[in-house]
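Residue strings, one per chain:
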Amino acid sequence: QVRLVESGGGLVQAGGSLRLSCAASGSTFSIDAIGWYRQAPGKQRELLTTISSGGAPNYADSVKGRFTISRDNAKNTVYLQMNSLKPEDTAVYYCNALVRSGSYYWGQGTQVTVSS
């Protein structure tokens, strides 16, 4: 019912920046919140940040002060601005939508690689 497509990943040097996009389609009116996650090889998937209609975004300690979530409702798109990137930020990044029915929808992920 909701489809999510991430884009914007790539290879960047330590200290650099990237902006990821999460484009939503389908029943976008039913989305209550969008979150960004990442998963490095051999590690658990980590919640980074969420954004909703009525509350301020929150951030994991690992990215607070460096990453910023924002949205453009006209484009049905959520962004993740990533600054001061570190090699330990290397992971597949995913967006996730929570809809009013209680269901979750995931995108396909986009690879971010940060070199030393």
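Anything mentioned here points back to the structure above.
Residue positions are given per chain, counted from 1 along the sequence in the order it is written. Under the rules for a predicted model, residues below a pLDDT of 70 receive no local features and side-chain atom pairs below 80 are neither given nor counted, while totals for whole chains, interfaces and linings still include all residues. Hydrogens and water molecules were not included; the side-chain quantities draw on all heavy atoms of the structure.

A. Representation of the overall build of the protein in the model. Numbering of helices and strands runs from the N terminus; a helix is a DSSP stretch of H or I covering at least four residues, while a strand is a stretch of E covering at least two. A count of helical and extended segments in the protein gives zero helices and 11 strands. Reading the helices (α) and strands (β) of the protein from amino to carboxyl end gives β-β-β-β-β-β-β-β-β-β-β. In this treatment the radius of gyration is a C-alpha quantity, and the globule benchmark scales as 2.2 Å times the residue count to the 0.38 power. Its C-alpha atoms give the protein a radius of gyration of 14 Å, within 12% of the compact-globule value 13 Å for 116 residues. For the protein, the proportion of its 116 residues judged to be buried stands at 41%. Whether two residues are in contact is decided by their heavy atoms, any of which lying within 4.5 Å being enough. Of the contacts made within the protein by residues no fewer than 6 positions apart, 52% connect residues no fewer than 24 positions apart. Carbon and sulfur atoms make up 48% of the accessible area of the protein, which totals about 6300 Å². In this scheme, a residue with accessible area under 20% of its type's maximum is buried, one over 50% is exposed, and one in between is partly exposed, where area comes from a 1.4 Å probe on protein chains only. Computed with the Shrake-Rupley method and a 1.4 Å probe, the accessible areas treat only the protein chains shown as cover for residues.

B. View of the state of the cysteines. Counting rule for disulfides: a pair of cysteine sulfur atoms within 2.5 Å. A full pass over the atoms with the stated rule returns one disulfide. Two residues share a disulfide in this structure: Cys-22 and Cys-95, whose sulfurs sit 2.1 Å from each other. Sign of the S-S torsion, about 70 degrees for the bond between Cys-22 and Cys-95, identifies this disulfide as right-handed. Of this pair, Cys-22 sits in strand S3 (residues 18-26) while Cys-95 sits in strand S9 (residues 91-99), and the two are 73 residues apart along the sequence.

C. View of the sheet that holds strand S8 (residues 77-82). DSSP-based pairing: two strands are paired if at least 2 bridges between them are found. In space, the four strands of this open sheet follow the order S1-S3-S8-S7, with antiparallel pairing throughout. The open sheet has two edge strands, strand S1 (2-7) and strand S7 (67-72), and neither has a second partner. Averaged over neighbouring strand pairs, the angle between their axes works out to 20 degrees when direction is ignored. Of the pairings in the sheet, the one linking S1 to S3 comprises six bridges and is antiparallel in character. Paired with Arg-3 across the strands is Ser-25, a residue of S3. Fitted lines through C-alpha atoms serve as axes, helices being fitted only where they are in contact, and the angles separating the N-to-C directions of these axes extend from 0 to 180 degrees.

D. Summary view of the pattern of salt bridges. Here a salt bridge means any side-chain nitrogen of Lys or Arg lying within 4 Å of a carboxyl oxygen belonging to Asp or Glu. A complete count under the given rule lists four salt bridges for this structure. The shortest N-O distance in the salt bridge between Arg-100 and Asp-32 comes to 3.5 Å. Of this pair, Arg-100 sits in the loop between S9 and strand S10 (104-106) while Asp-32 sits in strand S4 (residues 31-39), placing them 68 residues apart in sequence. Given a relative accessible area of 65%, Arg-100 falls into the exposed group.

E. Structural context of the packing of aromatic side chains. For this analysis, a ring pair means two rings from Phe, Tyr or Trp (six-membered ring only for Trp) whose centres lie within 6.5 Å, classed as stacked if their planes differ by under 30 degrees, edge-to-face if by over 60, and tilted for the remaining angles. Summed over the entire model, instances satisfying the criterion amount to two aromatic pairs. With 6.3 Å between their ring centres and 90 degrees between their planes, Tyr-94 and Trp-106 make a pair best called edge-to-face. Separated by 12 residues along the polypeptide, Tyr-94 in strand S9 and Trp-106 in strand S10 bring together distant segments of the chain. Residue Tyr-94 is classed as buried on the basis of its relative accessible area, which comes to 15%. An aromatic cluster of three or more residues is present, and its members are Tyr-37, Tyr-94 and Trp-106. Each ring is checked for a lysine NZ or an arginine CZ that lies within 6 Å of its centre and within 35 degrees of its normal; such an atom marks a charge sitting over the ring. A cation over an aromatic ring shows up here: Arg-45 above the ring of Tyr-94, its NZ or CZ 3.9 Å from the ring centre.

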